[in-house]
Amino acid sequence: MAGLTLSGIGKVYADGTRAVEDLNVQVEDGEFLVFVGPSGCGKTTALRMIAGLEVISEGELRIGDRVVNSVPPRDRDVAMVFQSYALYPHLSVRDNIAFGLKLRKMPKPEIRKRVEQAAQVLGLTEYLDRKPRNLSGGQRQRVAMGRAIVREPQVFLMDEPLSNLDAKLRVQMRTEIARIQRDLAVTTVYVTHDQTEAMTLGDRVAVMKKGALQQIAPPQELYDRPANIFVAGFIGSPAMNLMAGTLHRTDADEFQLQLGSQTVLLPAAVIAARPALSDYVDRPVVVGVRPEDMDDAALHPGAEGTTLRSVADLIEPLGSDLIVHLAVDAEPVRGNDDIEELAKDLGQPEPGIASAFSTTLVARFNPRSTVTAGQPIDVRIDTERLHYFDQRTGLGIWATEPGTLDQFRL
Ligand SMILES: Nc1ncnc2c1ncn2[C@@H]1O[C@H](COP(=O)(O)OP(=O)(O)O)[C@@H](O)[C@H]1O
Ligand SMILES: [Mg+2]
């Protein structure tokens, strides 16, 4: 098995479209790496370049130690699973799985052994003599996986392999893919536009926007320390709330965050963790708050100084949580490329996201809350867990110069 190294990989199509730009990624041997991003951000192009199905315009691609830019697909020792399973309808499951091996003139006993092993792994043993039309969607998807597995490749490449399945089956197959990949420990690059799929499957997740890598990190780190507004808004559901705010330093040398007409007090730990924030005093910043970092203040005695007065617009009881849509008078963030890109992904007309994301916040309350729609309410903000971004660059404000990516150098 082998890792994968993308160095400065770029793609410009014949018509001049730039689909991928300066992609630098090191996929470790046995790692499950997921590329995620909105439709059109260059995920498929990146994967097809790795597979050898698309010419690499710029940069160098290595599989293990070997530079493979000009190696034809069949000699790269990678196996790709596509969104459309592309099974041969007239062939049995067995022959579909064996197809590639037969083409390679592998000895029959070896083919049989590999097909049966793969069928075992995939739970397809009893279906080996069926035709694809007599299989469920999930089983067809497994046959497609089987074709990749029997090749025993160095690298699996998967392009939205679950997108043709219904929601329930998708979750089920997601678990299976994770298990199979763990069992086989084959280096895997997986592409999806679904952030939940990305977060649950990836050892690391690479977020892309408009052909460019935004951040690559383990799922929890991506969630807790998004490098910029785009990653912050793309990862997480319901999405992170984003609004404009201003930092103030009080006479007592404390930090306050002003959101519209209201202020909350920031713990000293916040500034200690993000020293660069002190450069933003009296300047506008983009503030992010995740739904679960807000709650009904009535359930948090001693929450004074960390609450926002609001009105509940809409309440969705989920049993485990109350999803509460709250109106606050904080200003929406405008004129930021990340925000516009997120709005486009959600199919919202600009600047719809601004009003949806900042004047109306989406909170995940404890179900013990007795909030009712139309009622004024104090919302407790977990002020240690707020996110801060530079309004112009969209970059997270951390320890270094305002608006640099030093924290996230790849
Ligand atoms: N053969 C092609 N010729 C020109 N442009 C293309 C071609 N294939 C894809 N593109 C463009 O490249 C960009 C990235 O596409 P793609 O890699 O398919 O994105 P994703 O898989 O993330 O949806 C898009 O703008 C798309 O329209
Ligand atoms: Mg695609």
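Residues numbered from 1 in each chain as written. Chains lettered and ligands numbered in written order. Predicted model: local features only at pLDDT ≥ 70, side-chain atom pairs only at ≥ 80, totals over all residues. Heavy atoms only, no water.

**Looking at the sheet that holds strand β4 (residues 58–63)**
Phase 1 of the analysis: If you walk across this open sheet you meet the 4 strands as β2-β1-β4-β5, and the pairing is antiparallel. Only two strands of the sheet have a single neighbouring strand rather than two, namely β2 (18–27) and β5 (66–67).
Phase 2 of the analysis: Examined bridge by bridge, strand β1 (residues 4–12) and β4 share 5 bridges and lie antiparallel to one another. Each residue of the ladder has a partner; that of Leu6, found in β4, is Leu61.
Phase 3 of the analysis: Helix-sheet contacts for helix α1 (residues 43–51) involve β1, β2 and β4, and the interaxial angle to β1 is about 120 degrees. (Pairing = 2+ DSSP bridges. Helix = DSSP H or I, 4+ residues; strand = E, 2+ residues; numbered from the N terminus. Contact = heavy atoms within 4.5 Å. Axes fitted to C-alpha atoms, helices over the stretch in contact; angles between N-to-C directions.)

**Quick word on the site of ligand 1**
Phase 1 of the analysis: Residues in close proximity to ligand 1 include Tyr13, Asp15, Thr17, Ala19, Pro38, Ser39, Gly40, Cys41, Gly42, Lys43, Thr44 and Thr45, which together make up its full environment.
Phase 2 of the analysis: Within the backbone of Gly40, one N or O atom sits 2.6 Å away from an oxygen atom of ligand 1.
Phase 3 of the analysis: In this structure, an oxygen atom belonging to ligand 1 sits 3.2 Å away from a main-chain N or O atom of Cys41.
Phase 4 of the analysis: Relative to its free-state accessible area of 560 Å², ligand 1 is covered by the protein chains to the extent of 61%.
Phase 5 of the analysis: When residues of the shell around ligand 1 are assigned to their parent elements, the largest contribution, 3 residues, is made by α1. (Near = heavy atom within 4 Å. Polar contact = N/O pair within 3.5 Å; in protein donor to acceptor, adjacent residues only side chain to side chain. Areas by Shrake-Rupley, 256 points an atom, 1.4 Å probe, with all protein chains shown as cover.)

**Topic: the pairing of strand β3 (residues 32–36)**
Phase 1 of the analysis: Buried residues dominate β3, accounting for 5 of its 5 residues.
Phase 2 of the analysis: Every second residue of β3 is oriented toward a common face, with Phe32, Val34 and Val36 on one face and Leu33 and Phe35 on the other, all of them buried.
Phase 3 of the analysis: Here β3 runs beside strand β8 (residues 187–192); their pairing, made up of 5 bridges, is parallel. Of the residues in β8, the one forming a bridge with Val34 is Tyr190.
Phase 4 of the analysis: Note: β3 against strand β9 (residues 204–209), 4 bridges, orientation parallel. Bridged to Val36 within β9 is Val207. (Buried < 20%, exposed > 50% of the residue type's maximum accessible area, 1.4 Å probe, protein only.)

**Here's the deal with the packing of helix α4 (residues 137–149) against helix α5 (residues 167–184)**
What describes two packed helices is the angle between their axes and the distance between those same axes.
Phase 1 of the analysis: Where α4 contacts α5, the two axes come as close as 11 Å, and the packing angle between them is 20 degrees. Taken together, the axes of α4 and α5 lie roughly parallel to each other. Between α4 and α5 lies a crossing of right-handed hand. Across the interface between the two elements, Gly137, Gly138, Gln141, Arg142, Met145 and Ile149 of α4 pack against Leu169, Met173, Glu176, Ile177, Ile180 and Leu184 of α5.
Phase 2 of the analysis: Of the residues belonging to the contact of α4 with α5, the class tally is 7 nonpolar, 3 polar and 2 charged. (Parallel < 35°, antiparallel > 145°, perpendicular 65-115°, else oblique. Left-handed = near helix turned anticlockwise from the far one by under 90°. Nonpolar A, V, L, I, M, F, W, Y, C, P; charged D, E, K, R; others polar.)

**Observations concerning the nonpolar core**
Phase 1 of the analysis: Residues Ile97, Ile177, Tyr190, Val207, Ile235 and Leu242 are the most contacted members of the largest nonpolar core, which totals 58 residues.
Phase 2 of the analysis: A domain-level breakdown of this core finds at least three residues from each of domain 1 (4–229) and domain 2 (239–402).
Phase 3 of the analysis: Among the nonpolar cores identified, the runner-up in size contains 33 residues, and Leu308, Leu361, Ile377 and Ile397 belong to it. (Core = buried A, V, L, I, M, F, W, Y, C linked by side-chain atoms within 4.5 Å. Domains from an automatic or database assignment.)

Just geometry here; none of it tells us what the structure is for.
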